Amino acid sequence: MSFKLGLTGSIGMGKSTTAQLFVEVGCGLWDADAAVHRLYDVGGAAVSPMQAAFPEAVIDGSVSRDKLKEAIGRDSSALKVIEEIVHPLVAEDRAAFIASATADILVFDIPLLFETGGNEAMDAVVCVSISAEIQRERVLARGTMTEAQFENIRAKQMPNDEKVFKSDYVVITDTLDHARVQVEKIVTTIRGQMTNA
Ligand SMILES: CC(C)(COP(=O)(O)OP(=O)(O)OC[C@H]1O[C@@H](n2cnc3c(N)ncnc32)[C@H](O)[C@@H]1O)[C@@H](O)C(=O)NCCC(=O)NCCS
Ligand SMILES: Nc1ncnc2c1ncn2[C@@H]1O[C@H](COP(=O)(O)OP(=O)(O)OP(=O)(O)O)[C@@H](O)[C@H]1O
């Protein structure tokens, strides 16, 4: 039985980057955002329900994230409708990954792990963390969201301090080298616990 390690943190705090560091030391990885991308892509399971709820957001057979962001910008309750479509499909994708995975530690990169209660299915949780100032700089530097879109998403997420408090491990994402050292230590600790169990 693999060890299930949840990886979470607020938008732009470094989940995807840290997830790759876990892969470098032999962990399996399931990425919720990547699952959403598959679901929105041509042939993905979210396309048809999204077509019914937001017809303007389906273009050439795939879901346009820009159109969804426009819909959320017009009416922030649209995000709830989107989540009701997406979250059950994401859960199915995750179950299929667990059924086929072979690594000793499986990392689940899930932005809304605590918000959706997904932490209860994990053996331990890691939270990435950085100051709110650096978070904002990093997200806006990507150039994929306006400041208003960023604030709208951030307002929906549990505050970072609370996520850190609820987590078993924290990775400070100030530099890549520092993050790598912290990841190696966490993996060594978990592997030690697994051999002693
Ligand atoms: C809002 C959308 C259109 C923005 O797309 P975009 O490509 O610009 O951003 P991306 O998907 O990379 O998300 C960036 C970050 O925003 C945060 N975020 C995304 N969706 C949500 C949400 N429903 N609630 C809170 N935060 C969210 C996460 O931290 C995520 O990593 C898109 O995220 C979406 O369709 N979200 C709904 C699905 C969902 O809930 N995904 C979360 C993981 S299951
Ligand atoms: N340890 C680190 N040291 C320096 N920069 C980092 C580190 N981790 C992440 N970053 C930078 O911060 C930005 C956001 O990182 P990343 O995309 O991993 O965050 P995320 O939490 O997955 O974001 P989102 O919630 O939007 O999906 C990127 O520009 C990345 O290069």
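Just so it is clear, the structure is predicted and the values come from calculations on it, not from any experiment.

(A) Highlighting the packing of helix α1 (residues 15-24) against helix α9 (residues 176-196). Put simply, α1 and α9 touch, their axes get as near as 9 Å, and they point 50° apart. One finds that α1 runs oblique with respect to α9. Of the two elements, α1 crosses α9, and the hand of that crossing is right-handed. In contact with Thr17, Thr18, Leu21, Phe22 and Glu24 of α1, α9 contributes Leu176, Ala179, Arg180, Val183, Ile186 and Val187. Residue composition of the contact of α1 with α9, grouped by class: seven nonpolar, two polar and two charged.

(B) Local environment of the site of ligand 1. Within the structure, ligand 1 sits among 18 residues, and Asp33, Tyr40, Arg65, Lys69 and Glu83 are positioned closest to it. Contact distances for ligand 1 include 2.8 Å between an oxygen atom and a side-chain N or O atom of His87. Here a nitrogen atom of ligand 1 sits 3.0 Å away from a polar atom, N or O, in the side chain of Gln157. Bound to the protein, ligand 1 loses 90% of the 770 Å² it would expose on its own. Taking a 2 Å distance to the grid points as the criterion, the majority of the atoms of ligand 1 fall inside the largest pocket. Mapped onto the shell around ligand 1, the elements with two or more residues apiece are α2 (32-40), α4 (65-74) and α5 (78-100). For the shell around ligand 1, the element with the most residues is α5, which contributes five residues. Residues that form the shell around ligand 1 fall into these classes: eleven nonpolar, two polar and five charged. Viewed by domain, the shell around ligand 1 spans two of them, domain 1 (1-27 + 104-197) and domain 2 (36-102), each represented by three or more residues.

(C) Fine view of the nonpolar core. Counting 33 residues, the largest nonpolar core has Trp30, Tyr40, Met50, Phe54, Leu68, Ile82 and Val86 as its most contacted members. For this core, the secondary structure elements donating two or more residues are α2, α3 (47-53), α4, α5 and β5 (105-109). By residue number, the principal contributor to this core is α5, which donates eight residues. When residues of this core are sorted by domain, at least three fall in each of domain 1 (1-27 + 104-197) and domain 2 (36-102). Setting aside residues no more than four positions away along its own chain, Val86 makes contact with Val36, Leu39, Tyr40 and Met50.

(D) Geometry of the domain arrangement of the protein. Here the domain parsing of the protein yields domain 1 (1-27 + 104-197) and domain 2 (36-102). The C-alpha-based centres of domain 1 and domain 2 are spaced at 22 Å. The interface is formed by eleven residues belonging to domain 1 together with eleven residues belonging to domain 2. Buried area between domain 1 and domain 2, summed over both chains or domains, comes out near 930 Å², and the portion from carbon and sulfur atoms is 69%. Of all residues in domain 1, the largest losses of buried area upon contact with domain 2 belong to Leu106, Phe108 and Lys156, amounting jointly to 35% of the total for that side. Linking domain 1 with domain 2 are zero salt bridges.

(E) Examining unusual backbone geometry more closely. Notably, Asp60 is not glycine yet its phi reads approximately 50°, a positive angle. Owing to a relative accessible area of 75%, Asp60 belongs among the exposed residues under this scheme.

(F) Molecular detail of the sheet that holds strand β6 (residues 124-129). Spatially, five strands are ordered β2-β5-β1-β6-β7 in an open sheet, and the strand pairing comes out parallel. Both outer strands of the open sheet, β2 (28-31) and β7 (169-172), are each paired with one neighbouring strand and no more. Taking the axes of each pair of neighbouring strands and ignoring which way they run, one obtains an average angle of 25° across the sheet. Sheet topology note: the strand β1 (residues 3-8)/β5 ladder contains five bridges and is parallel. Across the sheet, Phe3 pairs through a bridge with Ile105, a residue of β5.

The rules behind these values
Residues numbered from 1 in each chain as written. Chains lettered and ligands numbered in written order. Predicted model: local features only at pLDDT ≥ 70, side-chain atom pairs only at ≥ 80, totals over all residues. Heavy atoms only, no water. Axes fitted to C-alpha atoms, helices over the stretch in contact; angles between N-to-C directions. Helix = DSSP H or I, 4+ residues; strand = E, 2+ residues; numbered from the N terminus. Parallel < 35°, antiparallel > 145°, perpendicular 65-115°, else oblique. Left-handed = near helix turned anticlockwise from the far one by under 90°. Contact = heavy atoms within 4.5 Å. Nonpolar A, V, L, I, M, F, W, Y, C, P; charged D, E, K, R; others polar. Near = heavy atom within 4 Å. Polar contact = N/O pair within 3.5 Å; in protein donor to acceptor, adjacent residues only side chain to side chain. Areas by Shrake-Rupley, 256 points an atom, 1.4 Å probe, with all protein chains shown as cover. 1 Å grid on protein atoms, 1.4 Å probe; cavity = no way out; pocket = protein on both sides within 12 Å on 5 of 7 lines; lining within 4 Å. Sits in = over half its atoms within 2 Å of the grid points. Domains from an automatic or database assignment. Core = buried A, V, L, I, M, F, W, Y, C linked by side-chain atoms within 4.5 Å. Buried < 20%, exposed > 50% of the residue type's maximum accessible area, 1.4 Å probe, protein only. Buried area = accessible area lost by both parts, 1.4 Å probe. Salt bridge = Lys/Arg side-chain N within 4 Å of Asp/Glu carboxyl O. Pairing = 2+ DSSP bridges.

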